[in-house]
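So you can see what is in the structure, the chains are spelled out below.
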Amino acid sequence: MYPLLFEFAWFKVYTFWITITITFFLFYWMLKKLSVKFSYDFNLFKSNILLFFLSTFIFSRLFYVLSQWSDMKFIKSPFEFFIMSDYNFSLYWALFGFFMMLFINLRIRKESIIKYLDWVVLAFVFVLFIWYIWAFLWWQIYGKPTNLWIEIAYNNSNSLVPFTVPIFPLPIVYAILSFFIFSSLYIIKMYIKTKWFIWYWGLGVFATMNLVFEFFSWKDDFFSVKFFLNFNQICSIILLVFVWRILYNMVKLASYEWNIHIIDKN
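Procedures and definitions
- Residues numbered from 1 in each chain as written.
- Predicted model: local features only at pLDDT ≥ 70, side-chain atom pairs only at ≥ 80, totals over all residues.
- Heavy atoms only, no water.
- Helix = DSSP H or I, 4+ residues; strand = E, 2+ residues; numbered from the N terminus.
- Areas by Shrake-Rupley, 256 points an atom, 1.4 Å probe, with all protein chains shown as cover.
- Polar contact = N/O pair within 3.5 Å; in protein donor to acceptor, adjacent residues only side chain to side chain.
- Contact = heavy atoms within 4.5 Å.
- Salt bridge = Lys/Arg side-chain N within 4 Å of Asp/Glu carboxyl O.
- Buried < 20%, exposed > 50% of the residue type's maximum accessible area, 1.4 Å probe, protein only.
- Expected span 1.5 Å × (residues − 1).
- 1 Å grid on protein atoms, 1.4 Å probe; cavity = no way out; pocket = protein on both sides within 12 Å on 5 of 7 lines; lining within 4 Å.
- Points joined across faces, edges and corners; volume = space filled by probe spheres on them.
- Core = buried A, V, L, I, M, F, W, Y, C linked by side-chain atoms within 4.5 Å.
- Phe/Tyr/Trp six-rings, centres within 6.5 Å; stacked < 30°, edge-to-face > 60°.
- Lys NZ or Arg CZ within 6 Å of the ring centre and 35° of its normal.

## Regarding the overall build of the protein
Secondary structure summary: the protein contains 11 helices and two strands in total. Along the chain direction, N to C, the helices and strands of the protein fall in the order β-β-α-α-α-α-α-α-α-α-α-α-α. For the protein, the accessible surface area stands at approximately 15400 Å², while carbon and sulfur atoms represent 71% of it.

Shown next as structure tokens:
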């Protein structure tokens, strides 16, 4: 288990829970900030906050259990499914759960999801920076031994990192890249008003980052043992195919409309 913040009788509070709580409220704060700056309807999220949370949490836990089926198949009660002591959830399926609830709510309101995707993706990329910094401080994410001259050593006697040699600083790399991605997208959003542009590039770069740097991760799961790629990398490939498919269709449509415009002028 990762370090406890405190323990009272049977009730234990882990640092990982604190991480989730902090990032959730930062995500909430950024959504509100962006809703004011770019005229989004914050009530969409505010009035359904519990449903968003439950959908995100349940999907993230469910697919983590599936990815770690060799170990997690021994779960005996629903209590074990819902209680996490460390990094026991799937980030990609947390995103899926959130976007599914967003889509359902917008269908009920009869609004297009394209209008809100930039808003959500910007807030998500914002909290990634804090998330990875916290994961580095509490050893929830770490890399493998490498020889790239940027390795760090975990010398703390309480560290749960199993390597005694310096290892690749994976969470720091993720944090720096996440901050750079957010800063770039936020600046671009101020000048480009096209609704689909930010979410497309944000998710595309995020998926590329995970696909590449998960090769430096310590994690092994059901998929990496059998297919070389871990579950996050498989999800990254699926997301990249989805995003590039949309871009291809948009470029094709833009080219068609341009040709029609040229023909009409002639």
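Next comes the rest of the account.
## Quick word on the side chain of Asn-230
With respect to the helices, strands and loops of the structure, Asn-230 is situated in the loop between α10 (222-227) and α11 (231-265). A polar side-chain atom of Asn-230 sits 2.9 Å from the main-chain amide nitrogen of Gln-233. Ignoring any residue separated from it by four or fewer positions in sequence, one finds Asn-230 in contact with Glu-214, Asp-221, Phe-223 and Ser-224.

## Here's the deal with the pattern of salt bridges
One pass over the structure, following the stated rule, counts four salt bridges. A salt bridge links Arg-109 to Asp-41; the shortest N-O distance between them is 2.5 Å. On the criterion of sequence distance, the pair formed by Arg-109 in helix α6 (residues 91-109) and Asp-41 in the loop between α1 (15-38) and α2 (43-46) is long-range, its members being 68 residues apart. Using a relative accessible area of 26% as the deciding quantity, one classes Asp-41 as partly exposed. In this structure, Lys-115 and Glu-111 form a salt bridge, with 3.8 Å as the shortest nitrogen-oxygen distance. Put simply, Asp-41, Arg-109, Glu-111 and Lys-115 are held in one network by salt bridges that share partners.

## What about helix α8 (residues 170-191)?
Given a rise of 1.5 Å per residue, 22 residues ought to cover 32 Å, and the 32 Å separating the end C-alpha atoms of α8 matches this to within 8%. Within α8, burial applies to Leu-170, Pro-171, Val-173, Tyr-174, Ala-175, Ser-178, Ile-181, Phe-182, Leu-185, Tyr-186 and Lys-189.

## Some points on the layout of surface pockets
Where empty space is left in the structure can be found by rolling a water-sized probe over the atoms. Quantified by volume, the second largest pocket comes out at close to 530 Å³. Taken together, 17 residues line the second largest pocket, and the ones lying closest to its centre are Phe-96, Phe-99, Leu-203, Leu-239 and Phe-242. Of the residues forming the lining of the second largest pocket, the biggest block, seven residues, is contributed by α6.

## Considering the nonpolar core
In terms of nonpolar packing, the biggest core is built from 65 residues, with Phe-27, Leu-34, Phe-45, Trp-119, Phe-124, Tyr-132 and Phe-206 touching the most fellow members. At the level of elements, α1, α2, α3 (49-67), α6, α7 (114-137), α8, α9 (197-213) and α11 are the ones that each hand at least two residues to this core. Sort the elements by how many residues they give to this core and α7 lands first, with 15 residues. Contact partners of Tyr-132, with chain neighbours within four places excluded, come to Leu-91, Ile-141, Pro-171, Tyr-174, Ala-175, Ser-178 and Asn-210.

## A look at the packing of aromatic side chains
For the coordinates displayed, the defined rule picks out 32 aromatic pairs. Measuring from centroid to centroid gives 5.3 Å for Phe-129 and Phe-179, while their planes differ by 50°, and the two rings are tilted. In this pair, Phe-129 sits in helix α7 while Phe-179 sits in helix α8, placing the two residues 50 residues apart along the sequence. On the accessibility criterion, Phe-129 (30% relative accessible area) is partly exposed. Each residue in the set Phe-27, Tyr-28, Phe-42, Phe-45, Phe-52, Phe-98 and Phe-99 is aromatic and connected to the rest through ring pairs, giving one cluster. For the cation-ring pair, Lys-189 lies above Phe-38, with the distance from its terminal atom to the ring centre recorded as 5.5 Å.

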